[in-house]
Amino acid sequence: MAEGAVFDAQAVTDAVAEGIAKIENASSMEELKAIKTQYAGAESAMTQASKAIGALPKDQKKDAGKIMGKLRADFGRAYGTKEQQVKAEEEARALAAETVDMTLPVNRKPLGARHPLPKLMEDVEDFFISMGWQISDGPEVETEWYDFDALNFGPDHPARQMQDTFYVKGNQAKDAAGFVGSNMVLRTQTSSDQVRGLLTRGVPLYIACPGRVFRTDELDATHTPVFHQVEALAVDKHLTMADLKGVLDKLAVAMFGPEAKTRLRPSYFPFTEPSAELDLWFPDKKGGAGWLEWGGCGMVNPNVLKSAGLDPEVYTGFAFGVGVERTLLLRHDINDMHDLVEGDVRFSEQFVMGE
Ligand code: DAH
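Residues numbered from 1 in each chain as written. Predicted model: local features only at pLDDT ≥ 70, side-chain atom pairs only at ≥ 80, totals over all residues. Heavy atoms only, no water.

**Student:** Residue-level account of helix α8 (residues 241-256), with values.
**Tutor:** It helps to recall that an α-helix has 3.6 residues per turn; residues three or four apart then point in one direction. Helix length check: α8 (16 residues) gives 22 Å between terminal C-alpha atoms against 22 Å at 1.5 Å per residue, within 8%. The complete set of buried residues in α8 reads L244, V247, L248, L251, A252, M255 and F256. In an axial view of α8, the angular spread of the buried residues amounts to 140°, which keeps them on one side of the axis. Seen from the buried face of α8, the exposed residues on the opposite side, beyond 90 degrees, are A242 and K250. Elements in contact with the buried residues of α8: α5 (116-130), β6 (261-269), β7 (272-281), β8 (292-300), β9 (316-323) and α10 (324-332). The residue sitting at the N-terminus of α8 and contributing the capping side-chain oxygen is T240; that oxygen lies 3.1 Å from the backbone nitrogen of A242. (Helix = DSSP H or I, 4+ residues; strand = E, 2+ residues; numbered from the N terminus. Expected span 1.5 Å × (residues − 1). Buried < 20%, exposed > 50% of the residue type's maximum accessible area, 1.4 Å probe, protein only. Arc of directions from axis to C-beta. Contact = heavy atoms within 4.5 Å. Polar contact = N/O pair within 3.5 Å; in protein donor to acceptor, adjacent residues only side chain to side chain.)

**Student:** Tell me about a negative patch on the surface, residues and numbers included.
**Tutor:** A cluster of acidic side chains, namely E30, E31, E89 and E90, defines a negative patch on the protein surface. Of note, E30 is situated in helix α2 (residues 29-40). (Patch = residues over 30% accessible without salt bridge, like charges linked within 9 Å, V, L, I, M, F, W, Y side chains within 5 Å. Areas by Shrake-Rupley, 256 points an atom, 1.4 Å probe, with all protein chains shown as cover. Salt bridge = Lys/Arg side-chain N within 4 Å of Asp/Glu carboxyl O. Lys, Arg positive; Asp, Glu negative; His and termini not counted. Charge placed at Lys NZ, Arg CZ, Asp CG, Glu CD.)

**Student:** Let's hear about the pattern of salt bridges: which residues, and what values?
**Tutor:** A side chain with one charge may pair with a side chain of the opposite charge, provided their charged atoms come close. Within this structure, the stated rule accounts for 15 salt bridges. With a shortest N-O distance of 2.7 Å, R265 and D279 are connected by a salt bridge. Of this pair, R265 sits in strand β6 while D279 sits in strand β7; the two residues are 14 residues apart in sequence, bridging distant segments of the chain. Owing to a relative accessible area of 2%, D279 belongs among the buried residues under this scheme.

**Student:** Quick rundown of the sheet that holds strand β5 (residues 226-236)? Include the residues and the values.
**Tutor:** Sheet architecture is open: seven strands sit in the order β1-β4-β5-β9-β8-β7-β6, paired in mixed fashion. Both outer strands of the open sheet, β1 (134-135) and β6, are each paired with one neighbouring strand and no more. Of the pairings in the sheet, the one linking β6 to β7 comprises eight bridges and is antiparallel in character. Its bridge partner being in β7, L264 is matched across the sheet by L278. The strands that α5 touches are β1, β4 (205-214), β5 and β9; relative to β5, the one it contacts most, it runs at about 5°. Across the sheet, α8 touches β6, β7, β8 and β9, and the angle it forms with β6 is around 125°. (Pairing = 2+ DSSP bridges. Axes fitted to C-alpha atoms, helices over the stretch in contact; angles between N-to-C directions.)

As structure tokens, then:
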């Protein structure tokens, strides 16, 4: 009904009747709301007719008001009844759709769990990265030169014997640095990356070399032929054993908690002079495990610096190496190496918390 339209009782009654008929055929709330807007909204015949009452002569206003009151009530009642019905139907439909069949088989695919070893390797890497060191990733098939000669192992050093070292068939290879005639081995220690690091990265050098190493050991409770080490090497001017001790204590705290500490015992390694065994103490669950062997360390032997073409009168360095399996065994009081290598998910699942 247009602006200023006259009040037409028949027209508005017809319009409302049409609206009520549509309400009765509606089957969703969406539909119902659209009908409400069309037949009772601001633009509807019903609203426009109510407005037109104002312009009627006084004696007609009362009747017109009555008509409109009845139409509004009829429309409202029809709407209310249908609204209840539609809502109930919609609810019933939703309930039916959400019904869960408790008898259906569930998806029992196990999720698995990450092995704690690579996680620990990452933690160790994070420790060195946080100090601004570089991570070096040397080859596992290595020349004997990097694994032994450059590290000051004499030609008759027992570690070179077949019982310790896996020699790779077809040896006499030429390696990346061009050394012809050096046997190829599976590296027995990540120390093999020391001289490679010095030659390729130069000085000052601060690198950590985490990785897999190989020895001809039988798998038993404390040994495995394939295991992991992290080697640390710092070469710079003015480095002393105090720097070494400082880094070791910080690493112990990072790995074993705030009370952990290290101590050094004199020892021998061909590539360090002086050399020391590295012992660790930390308060375990039983209240102090005593001193435990953790790795080896020392000041870089001048012969190693010379292998890399450095002047030992100008540069000094420190190095250490720790076993990653050993770190994990100590930290979690695991007694058998088999648990680490067998790949039983029930073992790994124990470490998932706190990742
Ligand atoms: N490479 C030694 C090993 O496998 C561990 C080690 C000892 C590394 C002393 C070092 C070190 O850097 O200075 O037994």
